[in-house]
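Residues per chain are reported as follows:
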Amino acid sequence: MPTLDTKAIHDGEPSPRIEGAVSLPIFQTATYTHEDPDDEVQYVRYSNTPNHEALNEKLSSLESTEQALVSSSGMAAISSTLLSLLDAGDHLVSPPGLYGGTLDLFADLFPRFDIGHAVLPDDPADWADVVTPSTRVLYAESITNPMLGVPDLEAMVEFADAHDLVTVIDSTFASPVNVRPAEVGFDVVLHSGTKYLAGHSDLAAGVVAGPADLLDTIGYTQKLLGGMLDPHACFLLHRSLKTLGVRVRQQNETAQAVAEALHEHGAVRRVYYPGLPTHPNHERARRLLDGCGGMVSFELAPEADVDAFFDALALPIRAPSLGGVESLITQPIHTSHASMPPADREALGITERFVRLSVGLEGAEDLTADLTSALQAAKG
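This write-up is about the structure you can find in this document. Bear in mind the structure is a predicted one, so any value in this text is a computation, not a measurement.

Notes on unusual backbone geometry
For the peptide bond that leads from Ser15 to Pro16, omega is 0°, which places it in the cis range. Looking at the element boundaries, Pro16 is found in the loop between helix 1 (4-10) and helix 2 (50-63). In this structure, Pro146 follows Asn145 across a cis peptide bond, with omega equal to 10°. Here the phi dihedral of Glu19 falls at roughly 55°; this positive angle occurs in a residue that is not glycine. By secondary structure assignment, the location of Glu19 is in the loop between helix 1 and helix 2.

Here we look at the packing of helix 10 (residues 244-264) against helix 14 (residues 364-379)
One way to put it is that helix 10 packs onto helix 14 with a least axis distance of 9 Å and a crossing angle of 25°. By the criterion of interaxial angle, the relationship of helix 10 to helix 14 is roughly parallel. In this structure, the crossing between helix 10 and helix 14 has a hand that is right-handed. Of helix 14, the residues touching helix 10 (which contributes Thr254, Ala257, Val258, Ala261 and Leu262) are Ala364, Leu367, Thr368, Leu371 and Leu375. For the contact of helix 10 with helix 14, a count of residues per class yields 8 nonpolar, 2 polar and no charged.

Here we look at the packing of aromatic side chains
By the definition in use, this model includes 7 aromatic pairs. Judged by centre distance (5.5 Å) and plane angle (80°), the ring pair of Tyr43 and Tyr46 falls under edge-to-face. According to the relative accessible area criterion, Tyr43 is partly exposed, its value standing at 32%. Among the aromatic residues, ring-to-ring pairing joins Phe106, Phe110 and Tyr139 into one connected group. Between the NZ or CZ atom of Lys223 and the centre of the ring of Tyr46, over which it lies, the distance is 4.4 Å. Against the face of Phe310 rests Arg318, its NZ or CZ located 3.8 Å from the ring centre.

A few points about the nonpolar core
In this structure, Leu237, Val271, Phe298 and Phe309 are the most contacted members of the largest nonpolar core, which totals 79 residues. Excluding anything up to four places from it in sequence, Leu237 contacts Leu55, Val70, Gly193, Leu197, Ala198, Leu203, Ala205 and Leu229.

A closer look at a negative patch on the surface
On the surface, Glu35, Asp36, Asp38, Asp39, Glu40 and Glu53 cluster together into a patch of negative charge. Take Glu53: it is sitting in helix 2.

Remarks on helix 5 (residues 153-162)
Turning to helix 5, its buried residues number three or more, namely Leu153, Ala155, Met156, Val157, Phe159 and Ala160. At its buried positions, helix 5 is contacted by strand 4 (135-141), strand 5 (166-170), helix 7 (181-184) and helix 11 (282-288). Backbone geometry just after helix 5 places Asp164 at a positive phi near 55°.

With respect to helix 2
Three- or four-residue spacings in an α-helix give side chains the same orientation, since the helix completes a turn every 3.6 residues. Along its 14 residues, helix 2 runs 20 Å from first to last C-alpha, staying within 8% of the 20 Å computed at 1.5 Å per residue. In terms of burial, helix 2 is largely enclosed, as 11 of its 14 residues are buried. Regarding helix 2, the residues found buried are Asn51, His52, Ala54, Leu55, Asn56, Lys58, Leu59, Ser60, Ser61, Leu62 and Glu63. Phi turns positive, to about 60°, at Ser64, one or two residues after helix 2.

Thresholds, definitions, all that
- Residues numbered from 1 in each chain as written.
- Predicted model: local features only at pLDDT ≥ 70, side-chain atom pairs only at ≥ 80, totals over all residues.
- Heavy atoms only, no water.
- Helix = DSSP H or I, 4+ residues; strand = E, 2+ residues; numbered from the N terminus.
- Axes fitted to C-alpha atoms, helices over the stretch in contact; angles between N-to-C directions.
- Parallel < 35°, antiparallel > 145°, perpendicular 65-115°, else oblique.
- Left-handed = near helix turned anticlockwise from the far one by under 90°.
- Contact = heavy atoms within 4.5 Å.
- Nonpolar A, V, L, I, M, F, W, Y, C, P; charged D, E, K, R; others polar.
- Phe/Tyr/Trp six-rings, centres within 6.5 Å; stacked < 30°, edge-to-face > 60°.
- Buried < 20%, exposed > 50% of the residue type's maximum accessible area, 1.4 Å probe, protein only.
- Lys NZ or Arg CZ within 6 Å of the ring centre and 35° of its normal.
- Core = buried A, V, L, I, M, F, W, Y, C linked by side-chain atoms within 4.5 Å.
- Patch = residues over 30% accessible without salt bridge, like charges linked within 9 Å, V, L, I, M, F, W, Y side chains within 5 Å.
- Areas by Shrake-Rupley, 256 points an atom, 1.4 Å probe, with all protein chains shown as cover.
- Salt bridge = Lys/Arg side-chain N within 4 Å of Asp/Glu carboxyl O.
- Lys, Arg positive; Asp, Glu negative; His and termini not counted.
- Charge placed at Lys NZ, Arg CZ, Asp CG, Glu CD.
- Expected span 1.5 Å × (residues − 1).

Structure follows, in structure tokens:
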């Protein structure tokens, strides 16, 4: 079987090449001629242009699923998927510590549709306590945002099978390089394609991958909601996927080095990175993941000056998002989890001292040296 790197370059490419073009051209048109009434209508909102079809096939190959579908953003992928799988009166369960936008969807929008949500307890033996007769979906993240936990994905699949639940997982932080959740047994895999899949901080996109029957249903919902991806963004994402493997493996390696350096520094109270033996899910990460990702979260020590730390940084850019070639750094209390109630953030450990770093493609020595210098400045 071809490796992921080979599939990222060759799978989904048109054969024969369109007009001999090695790179798939941009079909910057909203609509297509429709001379035969029996033929399928090609229209940009239907996500069936040549750019969409090639991209969808490449993504399904990378995720080891029957089909894939791109959308206008990660949240478009999440909302279209869950609104396809859940009806009024239905219920979903998830582990704690998800992305703030997802939690806002569960807490603010879903109640308007009479869709309920419950958090799974830490102990799998207690999971059945929150399942109701109306529970339909188990939702998870392969690496959680921003605490970088690695849930027991195998136990979740087994539990969902026993309770007839559809399993949905946001695998943005891991990317297909580090885990293919469908191979573990998850039904639907989601991504914010804005992040590692695109990898250059220059587009917004979402991905849904899974079995054909579910993808047909989700695609219909997306078509009604209008969350399609523009052909030019399709082209950019299609291009970026060809370097996904080399980018993510380098980010894995650099993040490991950064996490180890932070772990040894006196201005850091705690480092959250699955690649560290001190991480509570380290052994699970070694079993499930091919790499621990390019995200490193850490908590500054009480004596460290947070503002001085950020002011002293030269390489990481203080900005939301992640997965790009440049390192990005942020305080989740101001970005990804800004809308979460403060008490809930505190319970998770997300305070003003909690920092999330997206490791880019800078030299590991340069990035580590810059972070260490900034930490020294924070100590005064």
